[in-house]
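Here are the chains, one letter per residue:
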Amino acid sequence: VVSTQSTGDRQKVQFDTMKRKLDNTSKELKTAQAMIETLKDQNHEKANRIAKLTREATIGLWNREKKKLLQFADVREASLEHELQSLKDSSQQFKDRALDRIQF
């Protein structure tokens, strides 16, 4: 009877020990799952931030390129206007000389 009681006590102690281990493991699992969710959220936020910064950098780059192109276009336009005025002046001088020759 003592042996059966002793075996029963050992089994109860083992059961209680296993139950505590299971409870502890369950708590650790829940903690780990919560930490994983938190890290996923942080990762998602950082990915969104990186995407936003990348878009802003791209927009900034395009704006700088646009500014360069517009400056180049302005310089080219001024150059062409100067060339056109020079051609008009030359044409007027040629016309004036031709009229002078015709009148003499």
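Please read these numbers as outputs of a predicted model, since none were measured by experiment. (Residues numbered from 1 in each chain as written. Predicted model: local features only at pLDDT ≥ 70, side-chain atom pairs only at ≥ 80, totals over all residues. Heavy atoms only, no water.)

### Observations concerning the overall build of the chain
- Looking only at helices and strands, the chain has 1 helix and 0 strands in total.
- Compactness check: the chain gives a C-alpha radius of gyration of 44 Å against a globular reference of 13 Å for 104 residues, more than 25% above the reference.
- Once the C-alpha set of the chain is aligned to its principal axes, its extents read approximately 150 × 10 × 10 Å.
- Considering the chain as a whole, with its 104 residues, one finds that 1% of them fall into the buried category.
- Carbon and sulfur atoms make up 59% of the accessible area of the chain, which totals about 10,100 Å².
- If you average the places of the 21 positive and of the 16 negative side-chain charges in the chain, the two averages end up 8 Å apart. (Helix = DSSP H or I, 4+ residues; strand = E, 2+ residues; numbered from the N terminus. Rg over C-alpha atoms; globule rule 2.2 N^0.38 Å. Buried < 20%, exposed > 50% of the residue type's maximum accessible area, 1.4 Å probe, protein only. Areas by Shrake-Rupley, 256 points an atom, 1.4 Å probe, with all protein chains shown as cover. Lys, Arg positive; Asp, Glu negative; His and termini not counted. Charge placed at Lys NZ, Arg CZ, Asp CG, Glu CD.)

### Notes on the pattern of salt bridges
- Across all of its chains, the model carries 4 salt bridges by this definition.
- Its salt-bridge partner being Glu37, residue Lys40 comes within 3.8 Å of it at the nearest N-O pair. Residue Lys40 and its partner Glu37 are located together in helix H1 (residues 2-103), separated by 3 residues, close to a single helical turn.
- For Lys40, a relative accessible area of 51% translates into the label exposed.
- Between Lys68 and Glu65 there is a salt bridge; the shortest N-O distance is 3.6 Å. In this pair, Lys68 and Glu65 are both assigned in helix H1, 3 residues apart and thus about one turn of the helix distant. (Salt bridge = Lys/Arg side-chain N within 4 Å of Asp/Glu carboxyl O.)

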